[in-house]
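Observations on the model geometry
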Amino acid sequence: MSDEPELRRDPVTGRWAVIAPARARRPIGLPGHGPTPRTAGGRHPCPFCPGQEGETPHEVYAVRDPGSPPDGPGWQLRVVPNMYPAVSPAAPAGSGAGGGPFAPAPGFGHAEVLIDCAEHHTSPTELTGGQLAEVFRAYRARMRAFSADPRLAHVAVFKNVGAEAGASLAHAHSQLIATPFVPELLQAELTA
């Protein structure tokens, strides 16, 4: 099996699923990464903390101090491509699915990580009202950027807080995934 993300259609329900083998190689930085309550500890140094910007891909969006350089300290919020993406902009957006019962297609899309704040907060409840406002402004800015690509049809924004929810790092962050299809259940709700 290739490490490239792939979209597969369930032959029974007709729903699409994302298969992303490379995500299994994510570093687990949370202690007790099994389904147990998370502590405020985590990986040190945290790759999402200021001074560790070289541990992430180049930022695609940031709120930062005037005059501070990209990919360096001086930021309040950063958005970077996900190092272990569920979908990939490198995968061509094919118009037709492949053969076989699962109708595989390239896992085209964009996967980004929005680092909520420079402080090593581990829960969104620790953010100030101003920080939360910046998070929502960043969601809007990234959704607008994705909407400019006619190959994309849907953006999902989600937060995994703690290992039990699927997070691999404790630092408060969100994920954005843009795909060329609208999930079937959402499309049914929109149609209704």
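Before reading further, recall that the structure is shown in the block above.
An account of the accompanying structure is given in this report. Worth saying up front: this structure is predicted, and the values here are computed from it rather than measured.

An order of β2-β1-β5 is seen for the three strands of this open sheet, with the pairing classed as antiparallel. The open sheet has two edge strands with one neighbour each: β2 (16-19) and β5 (105-106). Where strand β1 (residues 6-9) and β2 come together, four bridges link them in antiparallel fashion. Each residue of the ladder has a partner; that of R8, found in β2, is A17.

Positive phi is not limited to glycine here, since D71 has a value of about 60°. Tracing the backbone shows D71 in the loop between β3 (61-64) and β4 (75-81). Here D71 falls in the partly exposed class, since its relative accessible area comes to 27%.

If you look at the hairpin formed by β1 and β2, you'll find six residues sitting between the two strands, and G14 has a positive phi there, around 80°. Note that β1 and β5 share two bridges and pair antiparallel. Residue pairing in the sheet places L7 in a bridge with A105 of β5.

This paragraph deals with the packing of aromatic side chains. Per the stated rule, a full pass over the model turns up one aromatic pair. Taken together, a centroid distance of 5.3 Å and an interplanar angle of 80° make the contact between F136 and Y139 edge-to-face. Of the two residues, F136 and Y139 are both situated in helix α1 (residues 129-147); the distance of three residues between them amounts to about one turn of the helix. A residue is classified by how much of its surface remains accessible, and Y139, at 10% relative accessible area, is buried. Positioned above the aromatic ring of W75 is the side chain of R78, whose terminal nitrogen or guanidinium carbon lies 5.9 Å from the ring centre. One Lys or Arg, R142, reaches over the ring of F146 and ends 5.3 Å from the middle of that ring.

Here the focus is the environment of H110. Position of H110 among the secondary structure elements: in strand β6 (residues 110-115). Here the alpha-carbon distance between H110 and P89, two residues 21 residues apart in the chain, equals 5.5 Å.

For α1, built from 19 residues, the straight-helix expectation of 27 Å at 1.5 Å per residue is met to within 8% by its first-to-last C-alpha distance of 27 Å. Every buried residue of α1 is accounted for by Q131, V135, A138, Y139, R142 and F146. Along the axis of α1, the buried positions cluster into a sector of 105°, meaning they face one direction only. Set apart from the buried face of α1 by more than 90 degrees, the exposed residues are G129, F136, R144 and S147. Of the surrounding secondary structure, the elements contacted by the buried residues of α1 are β3, β4, β6, β7 (154-158) and β8 (173-179).

Scoring rules and cut-offs
Residues numbered from 1 in each chain as written. Predicted model: local features only at pLDDT ≥ 70, side-chain atom pairs only at ≥ 80, totals over all residues. Heavy atoms only, no water. Pairing = 2+ DSSP bridges. Helix = DSSP H or I, 4+ residues; strand = E, 2+ residues; numbered from the N terminus. Buried < 20%, exposed > 50% of the residue type's maximum accessible area, 1.4 Å probe, protein only. Phe/Tyr/Trp six-rings, centres within 6.5 Å; stacked < 30°, edge-to-face > 60°. Lys NZ or Arg CZ within 6 Å of the ring centre and 35° of its normal. Expected span 1.5 Å × (residues − 1). Arc of directions from axis to C-beta. Contact = heavy atoms within 4.5 Å.

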